[in-house]
Amino acid sequence: MTFSRHDSGVVADARALSSQVHPVFMLPPLAASWFGSVLAGEFDVALGAVHMVAVFLAVYTAHVKDGYVDFYVRDEDDDHPLTERGCRLALALATTGFFLCLGALWLLVDPVAALVTLPCWLIAYHHAPQLDTNPVTATTGYPLGIAVAIVGGYYVQTAGFAAVPLAFAVVFLVLLSGVKVIDDAKDYEYDRSIRKRTVAVVVGRERARTVAFGLMAVGLVAVLAFAAVSVFPPSAAAAVLVFVPVAAFARRGTDELATMLLVRGCYLFLAVLLVAVYYQPLS
Ligand SMILES: CC(C)=CCC/C(C)=C/CC/C(C)=C/COP(=O)(O)OP(=O)(O)O
């Protein structure tokens, strides 16, 4: 019983390890990495895959460490599928895999490709117990990882930086930070009971909503501003038109319903922005 706390055998260990793969948190960073590659135009699938694997391993690291800290260090959770030793081994394996990917990017692209990917792991590894104790870093850590994944995905394909992926990174950092504030507000009662300092716990639920929708509004205005100065094509404004009604419905719902709507709205928003930038239908 190396990994599983509840059972022995290879299948139980595999189940315990896979319990830390959370598709809801995993898919957006993978999509962000792929999106960065797509923004480069013609792209090398193998290089894109190495970057995606690095991003996956970074997010996996975050979940394993968060679960370990919450259960074994803070005694916050009632149960955890991994043994303490299993957590450490899984952390070591994921981290080794991440740095092997970094080495590959260094050799196949250049040192900057490795350096621009490194923050994904730094943010992930330090999520718990460091970054998740402060409302600002607890809110912006995951969106910042997504922003870095977009810029890194682009860099590994082109060995350069450009205005469009950087603008996307800024938009998603701000917009997703808004969504994260609402997502965290779902756990308001529990977080307050364990003194976890999310935005909702620190400023109260009502003000957290104002902060959240304010951040989303800034993200949407940024899209219009980037379109106005021709960083994004004019058709990018359609992404704003798609997101606004979703946000309007979300504003009236509970935190649970709002989170569900906003996450789906973000996928729609990303899809419309991708079509706008890649195909430039109105240009
Ligand atoms: C590349 C990239 C995207 C990097 C960022 C990785 C990152 C910070 C992921 C966070 C994932 C995570 C542990 C969420 C739950 O934490 P929580 O503290 O909100 O919830 P909890 O109550 O389960 O601890």
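In this text the structure is predicted, and so the values were computed from the model without any measurement.

## Some points on the site of the ligand
Okay, so step 1: As a structural note, the neighbourhood of the ligand is formed by 15 residues, with Asp 66, Asp 70, His 127, Lys 180 and Lys 196 the closest of them.
Okay, so step 2: For the ligand, an oxygen atom lies 3.0 Å from a polar atom in the side chain of Lys 196.
Okay, so step 3: When the ligand is considered free in solution it has 630 Å² of accessible area, and contact with the protein chains removes 87% of it.
Okay, so step 4: At a threshold of 2 Å from the grid points, most atoms of the ligand map onto the largest pocket.
Okay, so step 5: The set of elements that each furnish at least two residues to the shell around the ligand consists of α2 (23-39), α3 (45-73), α5 (111-125) and α6 (135-158).

## Brief notes about the UniProt feature "transmembrane region" (unreviewed entry) in the protein chain
Okay, so step 1: In the numbering used here, UniProt assigns the "transmembrane region" (unreviewed entry) feature to residues 34-60, 89-109, 154-176, 211-229, 235-254 and 261-279.
Okay, so step 2: Between the end C-alpha atoms of residues 235-254 there is a gap of 32 Å, over a span that is 80% helix and 0% strand.
Okay, so step 3: Between the C-alpha atoms that bound residues 261-279 there is a distance of 27 Å. The span itself is 100% helix and 0% strand.

## Quick notes on unusual backbone geometry
Okay, so step 1: At the junction of Ala 128 and Pro 129, the peptide bond is cis and its omega measures out at 5° in the coordinates.
Okay, so step 2: By secondary structure assignment, the location of Pro 129 is in the loop between α5 and α6.
Okay, so step 3: Of note, the phi angle at Arg 195 is positive, near 60°, even though the residue is not glycine.
Okay, so step 4: Since its relative accessible area comes to 72%, Arg 195 is described here as exposed.

## Side note on the pattern of salt bridges
Okay, so step 1: For the coordinates displayed, the defined rule picks out eight salt bridges.
Okay, so step 2: Close ionic contact of Arg 205 with Glu 189 constitutes a salt bridge, the shortest N to O distance being 3.9 Å. One end of the pair, Arg 205, is in helix α10 (residues 205-228); the other, Glu 189, is in helix α8 (residues 188-193), with 16 residues separating them in the sequence.
Okay, so step 3: When its relative accessible area of 36% is taken as the criterion, Arg 205 is described as partly exposed.
Okay, so step 4: Among the ionic pairs, Arg 205 bridges to Asp 255, the shortest N-O distance being 3.5 Å.

## Some thoughts on helix α11 (residues 237-252)
Okay, so step 1: Look at α11: 24 Å from first C-alpha to last across 16 residues, which is about the 22 Å you get at 1.5 Å a residue.
Okay, so step 2: Those residues of α11 that fall on the buried side of the exposure criterion are Ala 239, Val 240, Phe 243, Val 246, Ala 247 and Ala 250.
Okay, so step 3: Here the buried face of α11 lies against α7 (163-185), α10 and α12 (255-279).

## Structural notes on the side chain of Gln 157
Okay, so step 1: Here Gln 157 lies in helix α6.
Okay, so step 2: Of note is the side chain of Gln 157, whose polar atom sits 2.7 Å from the backbone nitrogen of Asp 44.
Okay, so step 3: Setting aside anything within four residues of it in sequence, one finds Gln 157 in contact with Ser 37, Ala 40, Phe 43, Asp 44, Leu 47 and Gly 48.

## Quick word on the packing of aromatic side chains
Okay, so step 1: Under the defined criterion, the tally for this structure stands at 15 aromatic pairs.
Okay, so step 2: Arranged with centres 4.8 Å apart and planes meeting at 45°, the rings of Phe 168 and Phe 232 form a pair that is tilted. Of this pair, Phe 168 sits in helix α7 while Phe 232 is found in the loop between α10 and α11, placing the two residues 64 residues apart along the sequence. For the residue pair Phe 168 and Phe 232, the accessibility class agrees, reading buried in each case.
Okay, so step 3: Look at Phe 172 and Phe 269: their rings are 5.8 Å apart centre to centre, the planes differ by 70°, and that puts the pair in the edge-to-face class. One end of the pair, Phe 172, is in helix α7; the other, Phe 269, is in helix α12, and 97 residues separate them in sequence. In this structure, Phe 172 and Phe 269 share a single accessibility class: buried.
Okay, so step 4: Within the aromatic cluster, the residues linked to one another by ring pairs are Phe 35, Phe 168, Phe 172, Phe 226, Phe 232, Phe 243 and Phe 269.
Okay, so step 5: The ring of Tyr 125 is capped by Lys 65, whose NZ or CZ atom sits 3.8 Å from the centre of that ring.
Okay, so step 6: Sitting above the plane of the Phe 249 ring, Arg 252 keeps its charged end 5.6 Å from the centroid.

Definitions and cut-offs
- Residues numbered from 1 in each chain as written.
- Predicted model: local features only at pLDDT ≥ 70, side-chain atom pairs only at ≥ 80, totals over all residues.
- Heavy atoms only, no water.
- Near = heavy atom within 4 Å.
- Polar contact = N/O pair within 3.5 Å; in protein donor to acceptor, adjacent residues only side chain to side chain.
- Areas by Shrake-Rupley, 256 points an atom, 1.4 Å probe, with all protein chains shown as cover.
- 1 Å grid on protein atoms, 1.4 Å probe; cavity = no way out; pocket = protein on both sides within 12 Å on 5 of 7 lines; lining within 4 Å.
- Sits in = over half its atoms within 2 Å of the grid points.
- Helix = DSSP H or I, 4+ residues; strand = E, 2+ residues; numbered from the N terminus.
- UniProt positions renumbered as here; feature names shortened; annotations may be inferred.
- Buried < 20%, exposed > 50% of the residue type's maximum accessible area, 1.4 Å probe, protein only.
- Salt bridge = Lys/Arg side-chain N within 4 Å of Asp/Glu carboxyl O.
- Expected span 1.5 Å × (residues − 1).
- Contact = heavy atoms within 4.5 Å.
- Phe/Tyr/Trp six-rings, centres within 6.5 Å; stacked < 30°, edge-to-face > 60°.
- Lys NZ or Arg CZ within 6 Å of the ring centre and 35° of its normal.

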